[in-house]
Amino acid sequence: MLEVKNLHSFYGDAHVLHGTTLHVKPGEVVALLGRNGMGKTTLIRSIMRLAQPQVKTGSLLWKGEELLGLSPHEVAKRRIALVPQGRRLFPSLSVTEHLTMLKAASVKEGWTVDRVFEMFPRLAERRSHRGNQLSGGERQMLAVGRALMIDPELVLMDEPSEGLAPVMVQHLETIIANLGKTGLGILLVEQNLYSALAVADRLYVLETGKVVHEVSAAEVRNDQSPLMRFLGVH
Ligand SMILES: Nc1ncnc2c1ncn2[C@@H]1O[C@H](COP(=O)(O)OP(=O)(O)O)[C@@H](O)[C@H]1O
Ligand SMILES: [Mg+2]
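Not measured: the values here are computed from a predicted model.

*Asks:* I'd like a rundown of helix H1 (residues 40–48), residues and numbers included.
*Replies:* The buried count for H1 comes to seven of nine residues, which makes it a mostly enclosed element. Within the span of H1, buried status applies to Lys40, Thr42, Leu43, Ile44, Ser46, Ile47 and Met48. Arg49 sits one or two residues past H1 and shows a positive phi near 65 degrees.

*Asks:* So what about the pairing of strand S4 (residues 54–62)? Which residues, and what values?
*Replies:* Here strand S1 (residues 2–11) pairs with S4 via seven bridges, running antiparallel. Bridge pairing in S4 places Phe10 opposite Gln54. Bridge count between S4 and strand S5 (residues 65–66): two bridges; the pairing is antiparallel. Across the sheet, the residue bridging to Trp62 is Glu65, located in S5. Between the antiparallel neighbours S4 and S5 lie two residues, among them Lys63 with a positive phi of about 50 degrees.

*Asks:* Residues and numbers for the sheet that holds strand S2 (residues 14–24), please.
*Replies:* The antiparallel open sheet is built from four strands, whose spatial order is S2-S1-S4-S5. The open sheet has two free edges, formed respectively by S2 and S5, since each of these has just one partner strand.

*Asks:* An account of the sheet that holds strand S3 (residues 29–33) is needed here, citing residue identities and associated values.
*Replies:* Taken together, six strands build an open sheet; the order of strands is S6-S7-S8-S3-S9-S10 and the sheet is mixed. Bordering the open sheet on either side are strand S6 (80–83) and strand S10 (210–216), each of which pairs with just one other strand. Strand-to-strand twist in this sheet, taken as the mean axis angle between neighbours without regard to direction, amounts to 20 degrees. Note: strand S9 (residues 202–207) against S10, six bridges, orientation antiparallel. Each residue of the ladder has a partner; that of Arg202, found in S10, is Ser216. In this fold H1 packs onto S3, S6, strand S7 (154–158), strand S8 (185–189) and S9, with an angle of close to 150 degrees to the strand it touches most, S7. Against the sheet, helix H6 (residues 136–148) makes contact with S6 and S7, and its axis sits at roughly 170 degrees relative to S6, the strand it touches most.

Conventions and cut-offs
Residues numbered from 1 in each chain as written. Chains lettered and ligands numbered in written order. Predicted model: local features only at pLDDT ≥ 70, side-chain atom pairs only at ≥ 80, totals over all residues. Heavy atoms only, no water. Buried < 20%, exposed > 50% of the residue type's maximum accessible area, 1.4 Å probe, protein only. Helix = DSSP H or I, 4+ residues; strand = E, 2+ residues; numbered from the N terminus. Pairing = 2+ DSSP bridges. Axes fitted to C-alpha atoms, helices over the stretch in contact; angles between N-to-C directions. Contact = heavy atoms within 4.5 Å.

See below:
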């Protein structure tokens, strides 16, 4: 469904992605692992066609269509959603306002505010709270809920568990696994191998802008040592 081929991305003269190649099949949950600074966010931003980084060569195919040359808005219209790193929210908007700004409350098809509240009862309780009154976990739930409101076929999640308490990380793993079971494709950036293994069908390791290892979750459960070697864990 998503095919990233030989992508080279730059911030000015800084060459960050060095021929990244990976794919996500329909309904697949794929984890992208790698240490800080390896280019994970740069890849996500490249796919979303954000102003920075600049993609100089390579190809980003979505159902066979080239995404290079599209705006972020046009990418979202193709039902690719982003849960950005750091869960950016509007401090002064309420939970409900965050959700309805992408889809009128009267729309009853696909993901609705009510359906998001069913998935995240905690957000329903906090519906009138503003972005700056939410805990880290609640913010992350809202960031995921907001992404769902465009009725995505693919969600790019950039380190959703970063900075969350262990119990919240577990809760989020359950949510991501459940979303995966609904047939949604997910590309999940994750630093924690065990969080990734809890939800992913397949894993990639990114190192200085290049995929250095690809493995299925089933293979890792059988033998972790090759993956550990690529992650530099001994
Ligand atoms: N806006 C930017 N301008 C210049 N360099 C950047 C920018 N954002 C990230 N980088 C650099 O690109 C590299 C990859 O960063 P990033 O994609 O954020 O890594 P990761 O998400 O894997 O931690 C790092 O060396 C980082 O310093
Ligand atoms: Mg990052």
